[in-house]
Amino acid sequence: MRYIISAALASILALPAAAEVPRVVTDIPPVQSLVQMVMGNLGEPAMLLDKGGNAHDFQLKPSQVAALADAQLVVWIGPEMTPWLDRALESTSTEATRLALLHLPGVHTRSYAEGHEDHDHEEAAAGTEQDHAAEEEHDHDEEEAGHHHGGLDPHAWLDPTNAELWLGQIAEQLAILDPENAANYKGNATAAAQKIAEIDASLRLQLSTIAGKPFVVFHDAYGYFAEHYGLNIAGSVSAGDAASPGVAHLRELQAELGKVSGLCIFPEVRHDPKLVEAMATDTGARLGAPLDPEGAGGDVTAATYPDILTGMAATLIACLATP
């Protein structure tokens, strides 16, 4: 019996050690969801933004700083979306690979500023290391003409073609760190991209019924979604970082709302709806249900990203398709 146990133990010790799944951290729910799609059941990334936290302005806890320092891969939108993570990466002693999704070759990006031509952003240098010196500045000057907001719009996940591209890039980086599971990562990415493409095709058909109908949103975060599906955003209450709007801008927006009959205005998950509700009451605009562009309304899983797309479409249609 002693021999049998010893032989069994020796055979176990002789087995090759299982590959360690890379330690991955992400910034916000859409990115967390996409990474989870690629990792599948091999592991789970750690999301730094707390549930209910402000994606544009967040303070890391010591435990989160430690997780960042210990990470092998950081997947994030980029400094335009989460500047607090940019600062943390500069001050934390981490050797993690940094995958700033907004700056990957082939990603479709757009400017906040009205009238700017859309462009493809090609700032990736040496694969995934990003040059933060190219970071766009946001202009929050609200004098004279009302409410101005310039710079690169970071809400690029709301264009599903970007998400499909990102899935492949995430899989590539995970495969480099964990070659033993490379086939799994790439297979998961391919399957996830196909699922998103199918959802995209369905949403194009559904949203075509409200194409061109004007509506107002809480903050300037929906440009990619509107552009991709041919929707008509007539205005936003707040800027792209959900900053408090200026009085002049609100007056201008309220005047525009009063000119359009049956226009819908939408509050947003995790933001106080009182201002939007008051504007709807004062102008006669139709009040829609809250939109959730970041997946902030629930637990974050692999299903969160598809749910963001389908949930926003359903919310818009529910109000805008009403006679």
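A short tour of the structure in this document, coming up. (Residues numbered from 1 in each chain as written. Predicted model: local features only at pLDDT ≥ 70, side-chain atom pairs only at ≥ 80, totals over all residues. Heavy atoms only, no water.)

**Comments concerning the state of the cysteines**
Each disulfide is one covalent bond, formed between the sulfur atoms of two cysteines.
Okay, so step 1: This model, assessed by the stated rule, comprises one disulfide.
Okay, so step 2: Between the sulfur atoms of Cys264 and its disulfide mate Cys319 the distance is 2.1 Å. Its S-S torsion of about -100 degrees marks the bond between Cys264 and Cys319 as left-handed, since a negative value means left-handed. With a gap of 55 residues between them, Cys264 in strand S9 (residues 264–265) and Cys319 in helix H10 (residues 304–320) connect regions that are remote in the sequence. Here Cys264 and Cys319 have matching classes, each one buried. (Disulfide = S-S within 2.5 Å. Helix = DSSP H or I, 4+ residues; strand = E, 2+ residues; numbered from the N terminus. Buried < 20%, exposed > 50% of the residue type's maximum accessible area, 1.4 Å probe, protein only.)

**Notes on the pattern of salt bridges**
Okay, so step 1: For the structure on display, the rule yields seven salt bridges.
Okay, so step 2: The shortest N-O distance in the salt bridge between Arg23 and Asp70 comes to 3.0 Å. A residue pair is termed long-range when its members are at least 10 positions apart, and Arg23 in the loop between helix H1 (2–14) and strand S1 (24–26) and Asp70 in helix H3 (residues 62–70) qualify at 47 residues.
Okay, so step 3: On the basis of relative accessible area, Arg23 is assigned to the partly exposed category, the value being 32%.
Okay, so step 4: Here Arg110 ties to Glu227 by a salt bridge, and the two come within 4.0 Å at their closest N and O atoms. (Salt bridge = Lys/Arg side-chain N within 4 Å of Asp/Glu carboxyl O.)

**Observations regarding the sheet that holds strand S8 (residues 232–238)**
Okay, so step 1: Strand order across the open sheet formed by four strands is S8-S7-S9-S10, with parallel pairing between neighbours. With partners counted over all chains shown, the strands left at the sheet margins are S8 and strand S10 (286–287), one partner each.
Okay, so step 2: Sheet strands touched by H10: strand S7 (214–219), S9 and S10. Its angle to S7, the strand with the most contacts, is close to 135 degrees. (Pairing = 2+ DSSP bridges. Contact = heavy atoms within 4.5 Å. Axes fitted to C-alpha atoms, helices over the stretch in contact; angles between N-to-C directions.)

**Here we look at the sheet that holds strand S4 (residues 97–100)**
Strand-to-strand pairing in sheets goes through backbone hydrogen bonds, with the strands running parallel or antiparallel.
Okay, so step 1: A sheet is described by the order of its strands in space; here four strands give the open sequence S2-S1-S3-S4, paired in parallel fashion. At either end of the open sheet lies a strand with only one pairing partner, and these are strand S2 (46–47) and S4.
Okay, so step 2: Where S1 meets S2, two bridges bridge the pair, whose relative direction is parallel. Each residue of the ladder has a partner; that of Thr26, found in S2, is Met47.
Okay, so step 3: Packed on one face of the sheet, helix H2 (residues 29–39) meets S1, S2 and strand S3 (73–76) and runs near 150 degrees to S1.

**Brief notes about the pairing of S7**
Walk down a regular strand and you will see the side chains alternate between the two sheet faces.
Okay, so step 1: In terms of burial, S7 is largely enclosed, as five of its six residues are buried.
Okay, so step 2: Pairing of S7 with S8 involves five bridges; the strand directions are parallel. From the neighbouring strand, His219 faces S8, where its bridge partner is Ser238.
Okay, so step 3: This β-α-β element, S7 to helix H7 (residues 223–229) to S8, shows right-handed connectivity.
Okay, so step 4: Across two bridges, S7 lies against S9 in parallel orientation. Note on S9: the bridge partner recorded for Phe215 is Cys264. (Right-handed = clockwise from strand over helix to strand, strands pointing away.)

**A short note on H2**
Okay, so step 1: Where burial is concerned, most of H2 is hidden: 11 out of the 11 residues are buried.
Okay, so step 2: Turning to H2, its buried residues number three or more, namely Pro29, Pro30, Val31, Gln32, Ser33, Leu34, Val35, Gln36, Met37, Val38 and Met39.
Okay, so step 3: In this fold, the buried residues of H2 make contact with S1, S2, S3, helix H5 (160–177), helix H6 (182–207) and H10.
Okay, so step 4: Positive phi appears at Gly40, one or two residues downstream of H2, with a value of about 60 degrees.

**Section: the pairing of S3**
Okay, so step 1: Both faces of S3 are covered, namely the face carrying Leu73 and Val75 and the face carrying Val74 and Trp76.
Okay, so step 2: Relative to S4, S3 runs parallel, the two being bridged by four bridges. Residue pairing in the sheet places Val74 in a bridge with Arg98 of S4.
Okay, so step 3: For the crossover that starts at S3, traverses helix H4 (residues 83–91) and ends in the parallel S4, the hand is right-handed.

**Details of the packing of aromatic side chains**
Okay, so step 1: Counted by the stated rule, this structure contains three aromatic pairs.
Okay, so step 2: Ring geometry for Phe58 and Trp84: centres 5.1 Å apart, planes at 65 degrees, overall edge-to-face. Of this pair, Phe58 sits in the loop between S2 and H3 while Trp84 sits in helix H4; the two residues are 26 residues apart in sequence, bridging distant segments of the chain.
Okay, so step 3: Assessed through its relative accessible area of 12%, Phe58 is described here as buried.
Okay, so step 4: By relative accessible area, Trp84 is classed as buried at 4%. (Phe/Tyr/Trp six-rings, centres within 6.5 Å; stacked < 30°, edge-to-face > 60°.)

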